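Architecture at a glance
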Protein chains: 6
Amino acid sequence: QSFAVLVNGFVCKDPKDVKAEDFFLAAKLDMPRDTKANKVGSNVTLINVMRIPGLNTLGISLARIDYAPLGENPPHTHPRATEILTVLEGTLYVGFVTSNPDNKFLSKVLNKGDVFVFPEGLVHFQFNPNPYKPAVAIAALSSQNPGAITIANAVFGSKPAISDDVLAKAFQVEKKTVDWLQAQFWADNQN
Amino acid sequence: QSFAVLVNGFVCKDPKDVKAEDFFLAAKLDMPRDTKANKVGSNVTLINVMRIPGLNTLGISLARIDYAPLGENPPHTHPRATEILTVLEGTLYVGFVTSNPDNKFLSKVLNKGDVFVFPEGLVHFQFNPNPYKPAVAIAALSSQNPGAITIANAVFGSKPAISDDVLAKAFQVEKKTVDWLQAQFWADNQN
Amino acid sequence: QSFAVLVNGFVCKDPKDVKAEDFFLAAKLDMPRDTKANKVGSNVTLINVMRIPGLNTLGISLARIDYAPLGENPPHTHPRATEILTVLEGTLYVGFVTSNPDNKFLSKVLNKGDVFVFPEGLVHFQFNPNPYKPAVAIAALSSQNPGAITIANAVFGSKPAISDDVLAKAFQVEKKTVDWLQAQFWADNQN
Amino acid sequence: QSFAVLVNGFVCKDPKDVKAEDFFLAAKLDMPRDTKANKVGSNVTLINVMRIPGLNTLGISLARIDYAPLGENPPHTHPRATEILTVLEGTLYVGFVTSNPDNKFLSKVLNKGDVFVFPEGLVHFQFNPNPYKPAVAIAALSSQNPGAITIANAVFGSKPAISDDVLAKAFQVEKKTVDWLQAQFWADNQN
Amino acid sequence: QSFAVLVNGFVCKDPKDVKAEDFFLAAKLDMPRDTKANKVGSNVTLINVMRIPGLNTLGISLARIDYAPLGENPPHTHPRATEILTVLEGTLYVGFVTSNPDNKFLSKVLNKGDVFVFPEGLVHFQFNPNPYKPAVAIAALSSQNPGAITIANAVFGSKPAISDDVLAKAFQVEKKTVDWLQAQFWADNQN
Amino acid sequence: QSFAVLVNGFVCKDPKDVKAEDFFLAAKLDMPRDTKANKVGSNVTLINVMRIPGLNTLGISLARIDYAPLGENPPHTHPRATEILTVLEGTLYVGFVTSNPDNKFLSKVLNKGDVFVFPEGLVHFQFNPNPYKPAVAIAALSSQNPGAITIANAVFGSKPAISDDVLAKAFQVEKKTVDWLQAQFWADNQN
């Protein structure tokens with residue numbers, strides 16, 4: 001009986017059997033993607049180990065991010081990766097917040113060709129401040145499976161919901177505000 | 001001229017010069033700590049490399065956490081560590097949320113002597129559901145400098161503030177709500 | 001045909017299938033354990049990846065250690081972990097020995113609430129110097145499977161026995177002394 | 001006296017002192033670069049830790065690569081990084097060779113938007129097969145300081161030269177051929 | 001149904017089932033090996049995880065290298081290992097080339113008992129300058145599966161061949177020279 | 001003012017300044033070493049980062065071990081390295097003991113040219129069973145600074161001595177036996 005060798009939960013081929021296709025994806029990263037499918041006005045196209053099996057154990061992935069006018073990639077973290085990003089089209093207001101106790105917010109307006117780094121695990125975002133034009137970025141992440149945690153979705157959109165006692169005290173709002181937030185529709189911007 | 005050898009930004013001693021004191025702290029982890037100094041009703045006493053220099057490069061730290069009645073250690077992440085926790089006194093309602101796209105909330109009520117694990121980088125919290133009695137936990141983290149990001153503080157209490165355009169869209173609330181939140185006093189619960 | 005994904009020899013679940021129980025153990029770490037089952041008068045209750053499957057790959061574990069009056073956790077090493085310990089009850093005389101050529105012995109008497117660090121791979125012990133009262137500690141280790149090597153047991157209690165020629169020369173004793181030692185009953189203090 | 005903290009040979013700032021500029025570069029990655037300065041007809045603009053100090057320890061870097069018509073990024077290795085690449089403009093014929101004993105050559109023609117992975121340490125190249133039009137790619141590497149070894153330059157352009165006895169036998173050519181090659185001008189394509 | 005646990009693609013045994021044979025090989029590293037089976041006049045006998053299963057995850061391997069008079073271990077890289085070597089018999093002229101842009105060639109003539117280090121991923125070689133006597137070395141590598149890329153074989157002996165357009169431009173030679181080289185017989189020196 | 005860059009407590013040179021000498025040592029590993037300077041009849045000549053600065057961060061070291069007739073490299077551990085060994089001259093009886101609870105002793109008699117592996121952190125030894133002839137081995141270790149802990153020396157020869165209460169109970173001997181052992185002269189076999 002024969003079965004696949006698994007590393008990190010993904011199949012690892014015998015080196016004798018690898019093909020160029022294991023390291024390739026016709027990803028169409030040159031094409032604009034729909035930014036209207038969610039409320040935040042952005043779309044992350046991530047090329048990770050689920051999409052290119054040959055990336056397994058190699059510690060890197062790549063993404064195209066489309067931003068509608070005034071769209072944003074909302075505050076989120078990557079639990080297993082640092083991100084480096086460059087702007088292909090438009091302008092982006094980007095930033096991250098350092099950890100406790102300082103919670104310093106470091107931000108920058110990026111123009112085409114600029115590069116910015118979001119250190120591993122920190123809360124960060126990108127926002128397209130232009131009300132008329134879309135923006136596009138290419139980002140790379142230091143893991144073949146970086147993960148993403150959209151803060152608002154994890155906090156107010158979890159399934160099942162976190163107790164409103166917990167969230168009301170944490171965010172200094174009333175429980176009915178938490179309940180209202182938890183009743184909204186939360187969907188992340190990756191597809 | 002002589003100067004200290006630095007690794008990870010901390011002093012590393014020559015093995016010939018180390019003393020027991022470099023690996024020791026009279027931390028009084030047996031003593032209750034004040035849980036009234038912040039709005040969330042908890043107090044994290046973290047013993048990390050800043051407090052025991054000998055921990056440098058060794059990848060572990062230890063904490064005592066005190067919870068007031070109805071107090072909580074609010075939703076937060078550790079960018080560089082997994083946490084394992086046991087309850088010394090009282091009862092805790094604990095949980096964490098998995099990353100996108102599922103944002104599954106896994107929770108449990110812990111009694112004295114129970115153990116729970118919060119995987120690296122995920123949003124998690126502990127809440128004392130008892131309105132009369134305090135609770136106490138001991139937690140260990142898989143880094144000598146795990147870092148902590150209290151979600152509400154990083155998002156609404158950063159210095160300077162994140163643009164309310166960004167946060168209003170991310171959290172599906174009005175900008176004036178964001179402005180009100182940003183005007184509150186945010187302080188983390190570690191000291 | 002379907003089978004489990006294995007990492008480090010342990011099952012890794014698909015993130016979609018994880019449950020809170022995978023990260024939880026009703027470990028009763030608040031309860032005293034029997035310290036009379038072995039000759040050294042101590043009992044290590046280790047919560048590692050064998051007991052909480054969700055710990056796999058996460059690099060941490062937790063233990064409660066009970067000490068009888070004059071009991072000890074005898075000289076041992078952890079081949080894959082640093083240990084950080086705090087005293088919950090009683091008093092402990094603890095120490096570790098640095099590697100060749102100095103073999104410096106660093107020791108300390110710990111009272112309730114004190115914290116001490118045993119660096120990865122070094123020979124260390126804890127001893128309860130009080131002839132009347134038990135002691136209790138909580139320890140954390142920087143591996144989900146730290147391993148433990150009780151020195152006396154590995155050297156004199158191995159199965160089969162190490163040649164007495166080797167041990168007589170190494171320990172500067174006669175072979176009959178080695179033979180006598182090897183005939184004793186050696187059992188470690190973890191269960 | 002005060003001096004900088006160094007990690008990996010680069011300065012690490014105290015978290016309290018970091019600024020957005022430490023994580024930013026006005027890199028002009030949107031602008032075509034000169035591909036005529038070297039014989040191979042390409043230009044690699046690498047944004048690594050030497051250019052963005054905040055990348056230190058974070059394990060990632062980013063590059064823009066310009067290719068003249070029929071230009072190439074010649075066979076090379078990165079001793080410390082895997083590379084993932086996407087084509088922004090034009091077409092690229094790319095490939096890598098597996099290690100001994102098979103030395104399998106895996107290749108692909110990439111169009112705009114396609115993605116390809118070059119595993120850590122393997123010999124790889126990109127070639128623009130179009131005789132009229134330039135090509136452009138964005139690549140990410142899994143190290144803040146990936147290093148690059150252009151094979152021909154390392155072998156025939158080292159300073160001082162490797163003995164022609166060694167190279168003649170290794171490459172199955174006459175020593176005068178080696179001598180002629182070593183007399184050429186070798187310069188890498190990064191600047 | 002039972003099956004083996006796999007890590008890195010190799011079988012990992014349950015610790016209860018390991019035997020001394022899993023960590024042993026009657027490798028005959030004391031015996032001269034044939035150096036006439038290939039054109040470069042050397043023979044690398046590598047003891048890695050394929051030959052001693054117990055090496056899996058342990059990060060080291062060992063090799064004996066035999067050199068004919070004027071034989072060489074031609075320029076090659078190890079994508080996953082540093083090498084440290086000592087000369088058992090004869091004399092070796094050894095060296096490595098640093099990465100771009102300097103491509104510095106560091107070399108040394110080694111006599112019996114001398115030790116030299118080849119850093120991970122760099123192009124290096126050993127050459128026996130003695131026209132009458134063989135040489136022998138023992139080398140250790142910092143991976144249980146270091147891999148080896150013989151530069152000439154990877155570049156000119158890949159299967160299928162790399163386009164001669166690419167190689168002619170990279171090596172500054174005519175395409176017919178590339179074609180002639182690709183028509184030679186390339187075989188590595190490990191068996 | 002200028003000063004050296006330090007990594008792991010050792011100097012790291014700027015790549016532009018490295019010389020072949022930084023990666024070289026005239027170690028005379030071909031020469032027999034004195035095995036009479038200590039009571040165990042062996043001599044370990046370790047080539048680590050203290051002796052070849054260029055090894056820093058590269059994760060490997062090399063040793064020659066000489067054994068007198070009936071000499072041994074007594075039971076010891078390496079806290080940071082796995083060891084792979086081959087016999088150059090003579091015969092060796094070698095073994096290691098697995099960790100708790102099994103403490104299985106795996107052993108083998110090695111002849112010239114045989115290879116054996118001692119996994120990281122486990123107690124192991126080599127013994128020359130021949131009463132007339134010396135033995136010689138070459139060993140490699142998976143760290144540039146593996147460390148060594150000779151068990152008997154760490155336990156009975158530490159400075160200051162470990163309390164005889166602790167050792168008497170751990171080794172099931174009387175305190176006067178411990179006291180006698182602690183009064184012996186303990187010196188390790190590396191120089």
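Since the structure is predicted, the reported quantities are computational estimates derived from the model, not experimental observations.

Residue and element names in this part refer to chain A. Under the feature "binding site: Mn(2+)" (unreviewed entry), the UniProt entry names His76, His78, Glu83 and His124. In sequence the annotated residues extend across 49 residues, while in space they remain close, none of their C-alpha pairs exceeding 11.7 Å. Setting aside chain neighbours within four positions, we find His76 in contact with Glu83, Leu122, Val123, His124, Gln126, Ile149, Thr150 and Ile151. Separated by 2.7 Å, the side chain of His76 and the backbone oxygen of Pro74 make a polar contact. Every residue in contact with His78, bar those within four places of it in the chain, is listed here: Glu83, Glu120, Gly121, His124, Leu141, Pro146, Gly147 and Ala148. Of the polar contacts made by the side chain of His78, one reaches the side chain of Glu83; its length is 3.0 Å.

Bringing the relation of the copies chain A and chain B into the picture now. Under the fitted operation, chain A is carried onto chain B by 0.0 Å of movement along the axis and a turn of 180°, and the coordinates agree to an RMSD of 0.0 Å. One copy is carried onto the other by what is essentially a two-fold rotation axis. Of the residues that chain A buries at the interface, 100% are likewise interface residues in chain B, meaning the two copies contact each other through the same surface.

With antiparallel pairing, the five strands of this open sheet are ordered in space as β9-β8-β11-β6-β13 (chain E). The open sheet has two edge strands with one neighbour each: β9 (105-110) and β13 (149-150) of chain E. Relative to β9(E), strand β8 (residues 92-97) of chain E runs antiparallel, the two being bridged by six bridges. Opposite E:Phe96, over in β9(E), you have E:Leu106 as the bridge partner. Its contacts with the sheet put helix α2 (residues 164-171) of chain D on β6 (72-77), β8 and β11 (123-127) of chain E, and the angle it makes with β6(E) is roughly 80°.

As a further point, take the confidence of the model for chain A. A residue-level look at chain A finds 93% of positions with pLDDT of 70 or above and a mean pLDDT of 93. Scoring the predicted complex yields pTM 0.95 and, for the interface, ipTM 0.94.

What follows deals with the pairing of β11(E). Side chains on a regular strand alternate between the two faces of the sheet. Residues and elements named next belong to chain E. The element β11 is extensively covered by neighbouring structure, given that five of its five residues are classed as buried. The alternating pattern of β11 places Val123, Phe125 and Phe127 on one face and His124 and Gln126 on the opposite face, and all of these are buried. Sheet topology places β8 next to β11; five bridges connect them, and they run antiparallel. Pairing of Val94 across the sheet is with Gln126, part of β11.

This next bit is on the sheet that holds strand β6 (residues 72-77) of chain C. As summarised here, the arrangement of the five strands in space is β9-β8-β11-β6-β13 (chain C), forming an open sheet in which the pairing is antiparallel. Because the sheet does not close on itself, it has two edges, and the strands there are β9 (105-110) and β13 (149-150) of chain C. Across the sheet, helix α2 (residues 164-171) of chain F touches β6, β8 (92-97) and β11 (123-127) of chain C, and the angle it forms with β6(C) is around 80°.

So, about the side chain of C:Asn153. All names here are of chain C. Its place among the elements puts Asn153 in helix α1 (residues 151-156). The class of Asn153 is buried, set by a relative accessible area of 5%. Among the polar contacts made by the side chain of Asn153, one reaches the main-chain carbonyl oxygen of Ala187 at a distance of 3.5 Å.

Attention now moves to the UniProt feature "binding site: oxalate" (unreviewed entry) in chain A. All names here are of chain A. According to UniProt, the feature "binding site: oxalate" (unreviewed entry) maps to Asn73, His78 and Glu83 in the numbering used here. Relative to the helices and strands, Asn73 is located in strand β6 (residues 72-77). Relative accessible area serves as the criterion here: at 4%, Asn73 is assigned to the buried category. Ignoring anything within four residues of it in the chain, the contact list for Asn73 reads Ser42, Val44, Ile65, Tyr67, Phe125, Gln126 and Asn189.

Next up on the list: the arrangement of the chains. At the C-alpha level, the nearest point of chain C lies 20 Å from chain D, with no contact between them. These two, chain A and chain F, are apart from each other, with no contact and a minimum C-alpha gap of 20 Å.

On inspection of all chains with the given rule, the structure shows 30 salt bridges over all chains. A salt bridge links B:Asp165 to B:Lys175, with the shortest nitrogen-to-oxygen separation between them at 2.9 Å. Of the two residues, B:Asp165 is situated in helix α2 (residues 164-171) and B:Lys175 in helix α3 (residues 175-183); the sequence distance between them amounts to 10 residues. For B:Lys175, a relative accessible area of 38% translates into the label partly exposed. We note a salt bridge from E:Glu89 to E:Lys112, for which the minimum N-O separation is 3.9 Å. Separated by 23 residues along the polypeptide, E:Glu89 in strand β7 (residues 83-89) and E:Lys112 in the loop between β9 and β10 (115-118) bring together distant segments of the chain.

The rules we used
Residues numbered from 1 in each chain as written. Chains lettered and ligands numbered in written order. Predicted model: local features only at pLDDT ≥ 70, side-chain atom pairs only at ≥ 80, totals over all residues. Heavy atoms only, no water. UniProt positions renumbered as here; feature names shortened; annotations may be inferred. Contact = heavy atoms within 4.5 Å. Polar contact = N/O pair within 3.5 Å; in protein donor to acceptor, adjacent residues only side chain to side chain. Least-squares fit on C-alpha atoms with pLDDT ≥ 70 in both. Pairing = 2+ DSSP bridges. Helix = DSSP H or I, 4+ residues; strand = E, 2+ residues; numbered from the N terminus. Axes fitted to C-alpha atoms, helices over the stretch in contact; angles between N-to-C directions. pLDDT = per-residue confidence, 0-100. Buried < 20%, exposed > 50% of the residue type's maximum accessible area, 1.4 Å probe, protein only. Salt bridge = Lys/Arg side-chain N within 4 Å of Asp/Glu carboxyl O.

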